[in-house]
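Geometric and topological summary
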Amino acid sequence: MEPLPIATASDTRTNVKALGEDELEAFVQSLGQPAYRGRQLFKWLYEKDARTFEEMTVLPKAFREELSTKARIERIEAERIDTAADQTVKALFPLSSGRRIETVLIPDIDPRGEARRLTVCVSSQVGCAMGCGFCATGLMGFQQNLTPGEITDQVREMNTLALERFGLPISNIVYMGMGEPLLNFDNVMTSIDILTHESGFGLSPRRITLSTVGLARRIKKLADTQPRINLAVSLHAPTDAQRSAIMPVNQSTSTDLTALREAITYYTEATGRGVTYEYCLFDGVNDSVTDAHKLADVVRWAPSKVNIIMYNPVKGLDFARTPDDQLHRFIETLVKRGVTVTVRQSRGDDIDAACGQLAVQEA
Ligand code: SF4
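Residues numbered from 1 in each chain as written. Predicted model: local features only at pLDDT ≥ 70, side-chain atom pairs only at ≥ 80, totals over all residues.

1. Quick word on the overall build of the protein chain
Along its length, the protein chain carries eleven helices and 14 strands. Over its C-alpha atoms the protein chain spans a radius of gyration of 21 Å, differing by no more than 12% from the 21 Å that the globule rule assigns to 363 residues. Reported as C-alpha extents along the three principal axes, the dimensions of the protein chain are approximately 70 × 40 × 40 Å. Buried residues in the protein chain amount to 42% of all 363 residues. Sequence separation of at least 24 residues holds for 65% of the intrachain contacts in the protein chain that already meet a minimum separation of 6. (Helix = DSSP H or I, 4+ residues; strand = E, 2+ residues; numbered from the N terminus. Rg over C-alpha atoms; globule rule 2.2 N^0.38 Å. Buried ≥ 20, exposed ≤ 12 C-beta atoms within 10 Å, placed from the backbone. Contact = placed C-beta atoms within 7 Å.)

2. A few points about helix α1 (residues 21-30)
Listed as buried for α1 are E21, L24, E25 and V28. Projected down its long axis, α1 carries its buried residues within an arc of 105°, all on one side. Tucked inside the fold, the buried residues of α1 contact α2 (36-46) and α6 (185-196). Directly after α1, the chain includes G32, whose backbone phi takes a positive value near 85°. (Arc of directions from axis to C-beta.)

3. What to know about the domain arrangement of the protein chain
Along its sequence, the protein chain is carved into domain 1 (14-72) and domain 2 (80-351). Here the C-alpha centre of domain 2 lies 34 Å away from the C-alpha centre of domain 1. In terms of residue class, the side of domain 1 that touches domain 2 is built from three nonpolar, two polar and five charged. (Domains from an automatic or database assignment. Nonpolar A, V, L, I, M, F, W, Y, C, P; charged D, E, K, R; others polar.)

4. Topic: the sheet that holds strand β11 (residues 230-234)
Spatial strand order, β3-β4-β5-β6-β9-β10-β11-β12-β13-β14: ten strands in an open sheet with mixed pairing. A strand with exactly one partner marks an edge of an open sheet, and here the two such strands are β3 (80-83) and β14 (341-344). Adjacent strand axes in the sheet meet at a mean angle of 25°, parallel and antiparallel pairs treated alike. Looking at chain direction, β3 and strand β4 (residues 89-94) are connected through four bridges and run antiparallel. Note that in β4 the partner of I81 across the bridge is A91. (Pairing = 2+ DSSP bridges. Axes fitted to C-alpha atoms, helices over the stretch in contact; angles between N-to-C directions.)

5. Topic: the packing of α1 against α2
A packed helix pair is summarised by two numbers, namely the angle formed by the two axes and the spacing between the axes. Between α1 and α2, the shortest axis-to-axis distance is 7 Å and the interhelical angle comes to 130°. As far as their axial angle goes, α2 and α1 are oblique. When you trace α1 past α2, the crossing you get is right-handed. Contacts between α1 and α2 pair E21, L24, E25, F27 and V28 from the former with R37, G38, R39, L41 and F42 from the latter. By residue class, the composition of the contact of α1 with α2 is five nonpolar, one polar and four charged. (Parallel < 35°, antiparallel > 145°, perpendicular 65-115°, else oblique. Left-handed = near helix turned anticlockwise from the far one by under 90°.)

6. Structural notes on the confidence of the model for the protein chain
The predicted coordinates should not be examined in detail at positions where pLDDT is low. Mean pLDDT for the protein chain: 92, with 94% of residues reaching 70 or above. Counted against residues more than four places away or in other chains, residues 1-5, with its pLDDT under 50, gives two contacts. (pLDDT = per-residue confidence, 0-100.)

7. Concerning the nonpolar core
L41, L105, V120, M158, Y279 and V306 are the most contacted members of the largest nonpolar core, which has 88 residues in total. The two domains that each donate at least three residues to this core are domain 1 (14-72) and domain 2 (80-351). (Core = buried A, V, L, I, M, F, W, Y, C linked by C-beta atoms within 7 Å.)

8. Observations concerning the environment of F63
Position of F63 relative to the elements: it lies in helix α3 (residues 61-70). Counting along the chain gives 30 residues from F63 to Q33, while the straight-line C-alpha distance between them is 8.5 Å. When residues no more than four places from it in sequence are discounted, the contact partners of F63 are Q33 and R37.

9. Some thoughts on the environment of E47
Counting through the fold element by element, E47 comes out in the loop between α2 and α3. Judged by C-beta crowding, with 14 C-beta atoms within 10 Å, E47 ranks as partly exposed. Remark: the alpha-carbon pair of E47 and G141, spanning 94 residues in sequence, is separated by 35 Å. Excluding anything up to four places from it in sequence, E47 contacts S199 and G200.

Put into structure tokens, the structure is as follows:
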């Protein structure tokens, strides 16, 4: 296959993969075409995975030629794939900006060694502005938002890989990679529209989970915009003092635990869905039995479950993993208090693909 033209910073043509279906309709109308041509374009971009306008034979030839001069199809492809001992896969994608992102494919392998479920963890930004004290991505600072196409291309590439390696398509998508998805709100919502559209990837919204650091106002907006996907909230501490010490976002009254409580109540009432609280255990920081009791009080706000995450140490950061006996005491306390608890096993930590470990090393 011919190499694809690489978009450059000086390429002013419209990147059609930065647009959702409605915007594609508006774009083709701006070129004097009827709106349905925009829907045809959408179908060829995602269902048929066209790389060039010339391939889109459903469109008139003159319009395809006009598109080639006024628009471009930006596409990202993995330049490096690492595989962990547990078969978790991490892919490195270069962007047209020259920056890079990482995406992880996490297979759930049954006792016979066959994959039952394949989850893709996508990035929504390069770096992250939230600066959580325990996170490698936070150390990078915020660098850029990803377009809808850059997000959905991660899914497309990982789906191809899943079929090659495991003989199955991906089953779940989690927005838990690099970045805070609610700070790239419009592009993330458009990417979800594409992933769930019957002419896009056709995935059920039930198979998509968005994980946020807990931006209260945007959680409410999410409830109004995409009420059918799953929401996970990174809690990581049961009191304002403890949470503010490790998550700067909590230091504002618009995003502290009181604001979060109000937003989550709104979310559960508006959507009829519960939330998952992510709680990463750090040795001596948030893992005492007293912390577990306080956590049980906090999560009673609304229908929920707590997903305990075992910390994956990050070089240069002063946090350590909670010992197993403390983990068991913590879980036992929560369960006795009637909290639904799951424990997420660490995956892919030998290739720095585990939670909180994604950070592109620039050469
Ligand atoms: S944990 Fe999430 S929100 Fe916090 S710095 Fe890392 S990527 Fe950003």
